[in-house]
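Analysis of the macromolecular model
For reference, the chains in residue letters:
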Amino acid sequence: VPADIRTAEIVAVGSELLTPHRLDTNSLYLTGRLNDLGVKVHAKAVVRDDRGELAAWIRLALTRADLVITTGGLGPTDDDITREAVTDALGLTMREDGATLQAIRERFRARGLEMPAINVRQAMVPEGAVVLSNPRGSAPGLWIDAGRRAVVLLPGPPRELQPMFDHDVAPRLSGRTPPVALRRRVIKITGRSESHVDEIAQPIYTRLGDADVQVDTSILAAPGQIEIHLEGRGTDAHRIDAVLTAGVEKLASALAPYVFSDDGRTLEAVVGDELKARGWRIAVAESCTAGLALGRLTEVAGSSAWVAGGIVAYANEVKTDQLGVPAALLDEHGAVSEPVAQAMASGVRERLHADVGVAITGIAGPDGGSPAKPVGTVVVALSGPRELVKTLRFAGDRQMVRAQSVAAALDMVRRAALSRG
Ligand code: ATP
């Protein structure tokens, strides 16, 4: 068969996906996997549990796409109508499939249960369809060829759908998809705004690809972090890797020292690796972030090797009693000040017997700002490898200010470690 599957449409079936409470995430997974196989997703839809509407949608999708994938609506109850709708759309008839019925019955028996009569519906198979077994649920998937095109029905639960796509659908697509190789790289940046990063990166983007390798770039911003995604497409994976590596190098050197990772690692993992390499342990004193920084550091598996602990010092008397911040310093400069942040960092380092102390104190808002110290004013300090303190001003709501504060503090540790070899 020549490469006849180049485009796909995805149809998420389920009235619950049209409420404010549920989101179709299956299509994100499927889009990623299809792109990896060289198949472009041209459209996706969410359609309610209505047999006629779904059949009409599938008919329409088949006029445009080589592959139509539905997700959900394969359950045993009356509102599960995907099987019937696809059968209607393709003008097929269904029959009960003995082996499938047996497999569903077995599934119940293995748990000591009788199969309810309604589950017989899940063993109804359109003529010519291939049954895709579902080891994680009772609803089997279906692959139905429709001329040169194909319709694939997958169950709704992501934990059932994902292995079914990988084990049963992807192998069936192989040889039918364009001979495309695809590679991705991500550059992670902190301490610069999105527009700043874009301004530097934009002139580089345009020179990344060549005749053999097409490079697509996108920029993703989260509070305290910017990611540049590079996606290389071509026929030769080694060529793509070479082009992407050169691109990553160009971007990373233009954006240094704000780049903290180009290998997928998170900021906390990079910090952990730097600390571990030097045999250092870190302690964190947090006021406005109240444990968020320590939480991020300890998300890294194995962090007990380089995290001593932390002190949440929200109230001034806790800063004094637990961290040894002189009351006079608090009176004179206020809790959000460079001398206090510095005293918090050295206090936590000494009291928790760590090599590195880091502190965060700030005004996350929405209240508590003043003309001199508006909401978003945050002071981060470092003690140990060197004494450093920095006053920053962040934009955004409370949650964004807190997230940016944590990123700034972790990055301060990263940079201090690097500059000390
Ligand atoms: P089952 O018989 O196992 O329930 P099904 O194919 O009938 O499978 P649905 O009843 O449509 O699946 O959905 C089951 C659950 O799967 C939903 O409650 C939801 O949690 C999840 N789900 C369904 N569709 C999606 C989707 N598009 N994205 C993410 N999750 C989904």
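Details of the structure are given in the entry above.
We now turn to the structure provided with this report. Small disclaimer: the values here were computed from a predicted structure and weren't measured. (Residues numbered from 1 in each chain as written. Predicted model: local features only at pLDDT ≥ 70, side-chain atom pairs only at ≥ 80, totals over all residues. Heavy atoms only, no water.)

**Structural notes on the overall build of the chain**
Cut-off, in case you're wondering: Helix numbering and strand numbering both begin at the N terminus, where a helix is a DSSP run of H or I of at least 4 residues and a strand a DSSP run of E of at least 2. In this setup the radius of gyration rests on C-alpha atoms only. A globule is expected at 2.2 Å times the number of residues raised to 0.38. Throughout, a residue-residue contact means that at least one pair of heavy atoms, one from each residue, lies within 4.5 Å.
The secondary structure content of the chain amounts to 13 helices and 17 strands. Against the 2.2 N^0.38 benchmark of 22 Å for 421 residues, the chain shows a C-alpha radius of gyration of 28 Å, more extended than a compact globule. Here the C-alpha coordinates of the chain stretch approximately 85 × 55 × 40 Å along the principal axes. At a minimum sequence separation of 6, the contacts of the chain that also span at least 24 residues come to 67%.

**Comments concerning the site of the ligand**
Using the following cut-off: Distances are taken per atom, and a residue is near a molecule or strand as soon as one of its heavy atoms is within 4 Å of it. Any pair of nitrogen or oxygen atoms within 3.5 Å is treated as a polar contact; in protein, a donor-acceptor pairing is required on top of that, and neighbouring residues in sequence qualify only through side-chain atoms on both sides. Here, Shrake-Rupley sampling with a 1.4 Å probe gives the accessible areas, and only protein chains in the shown set may cover a residue. Following the grouping adopted for this structure description, the nonpolar residues are Ala, Val, Leu, Ile, Met, Phe, Trp, Tyr, Cys and Pro, the charged ones are Asp, Glu, Lys and Arg, and the polar ones are all others, Gly among them.
Of all residues adjacent to the ligand, which total 20 residues, the nearest are Arg 22, Asp 24, Thr 25, Gly 73 and Gly 75. A distance of 3.0 Å separates a nitrogen atom of the ligand from a polar atom in the backbone of Thr 25. One of the backbone nitrogen or oxygen atoms of Gly 75 is found 2.8 Å away from an oxygen atom of the ligand. Isolated, the ligand exposes 610 Å² of accessible area, and the fraction of that covered by the protein chains is 77%. A class-by-class count of the residues in the shell around the ligand yields seven nonpolar, eight polar and five charged.

**Structural notes on the sheet that holds strand S10 (residues 214-222)**
Counted only if it meets this: If DSSP finds at least two bridges between two strands, the strands pair. To define axes, lines are fitted to C-alpha atoms, for helices over the stretch in contact only, and angles between the resulting N-to-C directions are given on a 0 to 180 degree scale.
Taken in spatial order, the four strands make up an open sheet running S10-S11-S9-S12, and their pairing is antiparallel. Unpaired on one side and paired on the other, S10 and strand S12 (259-261) mark the two borders of the sheet. For this sheet the average axis-to-axis angle between neighbouring strands, irrespective of direction, equals 30°. In this sheet, strand S11 (residues 225-234) lies alongside S10 in antiparallel orientation, the contact comprising nine bridges. Directly across from Ala 221, in S11, lies its bridge partner Ile 226. Each of strand S9 (181-189), S10 and S11 touches helix H6 (residues 194-205); the most contacted strand, S10, lies at about 175° to it.

**Comments concerning the pattern of salt bridges**
Stated formally: Salt-bridge detection follows one rule: a side-chain nitrogen of Lys or Arg within 4 Å of a carboxyl oxygen of Asp or Glu. Exposure is judged per residue with a 1.4 Å probe applied to protein chains only, and the accessible area is read against the type maximum: over 50% gives exposed, under 20% gives buried, and values in between give partly exposed.
All told, the structure shown has 23 salt bridges when counted by the stated rule. The residue Arg 109 makes a salt bridge to Glu 106 at a minimum N-O spacing of 3.2 Å. Within this pair, Arg 109 and its partner Glu 106 are both found in helix H4 (residues 98-110), separated by three residues, close to a single helical turn. Overall, Arg 109 belongs to the partly exposed group, its relative accessible area being 44%. We note a salt bridge from Arg 349 to Glu 350, for which the minimum N-O separation is 3.9 Å.

**Looking at the side chain of Glu 268**
Here Glu 268 lies in helix H8 (residues 267-278). Ignoring any residue separated from it by four or fewer positions in sequence, one finds Glu 268 in contact with Arg 296, Leu 297, Glu 299, Val 300, Trp 306 and Leu 410.

**What to know about the packing of helix H1 (residues 26-36) against helix H5 (residues 158-173)**
Here is the rule: Angle categories are assigned with fixed cut-offs, so that under 35 degrees is roughly parallel, over 145 is roughly antiparallel, 65 to 115 is roughly perpendicular, and the rest are oblique. In this scheme the handedness of a crossing depends on how the near helix is turned from the far one: anticlockwise by less than a right angle means left-handed, clockwise means right-handed.
The N-to-C vectors of H1 and H5 enclose an angle of 25°; their axes lie 11 Å apart at closest approach. Overall, the two elements H1 and H5 adopt an arrangement that is roughly parallel. When you trace H1 past H5, the crossing you get is right-handed. Across the interface between the two elements, Asn 26, Tyr 29, Leu 30, Arg 33 and Leu 34 of H1 pack against Pro 158, Leu 161, Gln 162, Phe 165, Asp 166 and Leu 173 of H5. Looking at side-chain class alone, the contact of H1 with H5 contains seven nonpolar, two polar and two charged residues.

**Description of the sheet that holds strand S3 (residues 67-71)**
Read across the open sheet, the six strands follow the order S2-S1-S3-S8-S7-S6; overall the sheet is mixed. Strand pairing shows two members of the sheet lacking a second neighbour, strand S2 (40-47) and strand S6 (130-132), which therefore form its edges. This sheet shows a mean twist of 20° between the axes of neighbouring strands, independent of strand direction. Bridge analysis of S3 against strand S8 (residues 149-154) gives five bridges, and the strand direction is parallel. Directly across from Thr 71, in S8, lies its bridge partner Leu 154. Along the sheet face, helix H3 (residues 82-90) touches strand S1 (7-13), S3, strand S7 (141-146) and S8 and points at about 165° away from the line of S8.

**Some words on the environment of Gln 162**
Tracing the backbone shows Gln 162 in helix H5. A residue is classified by how much of its surface remains accessible, and Gln 162, at 28% relative accessible area, is partly exposed. C-alpha separation for the pair Gln 162 and Arg 33, spaced 129 residues apart in sequence, amounts to 9.6 Å.

**Remarks on the packing of aromatic side chains**
Formally: For Phe, Tyr and Trp, where Trp contributes only its six-membered ring, two rings pair if their centres lie within 6.5 Å, and the inter-plane angle classes them as stacked under 30 degrees, edge-to-face over 60, or tilted in between. Charge-over-ring placement is defined geometrically: NZ (Lys) or CZ (Arg) within 6 Å of the ring centre, and within 35 degrees of the ring normal.
Scanning the model with the defined rule gives zero aromatic pairs in all. If you follow Arg 111 out to its NZ or CZ, it ends over the ring of Phe 108, 5.4 Å from the centre. Over the aromatic face of Trp 280 sits the side chain of Arg 278, whose NZ or CZ is 5.9 Å from the ring centroid.

**Focus: the side chain of Lys 188**
The line we're drawing: In this tally, Lys and Arg are treated as positive and Asp and Glu as negative; His is ignored, and so are the chain termini.
As for its placement among the helices and strands, Lys 188 is situated in strand S9. Comment: no salt bridge for buried Lys 188; closest opposite-charge side chain is Glu 227, at 4.3 Å. One polar contact links the side chain of Lys 188 to the main-chain carbonyl oxygen of Gly 264, over a distance of 3.1 Å.

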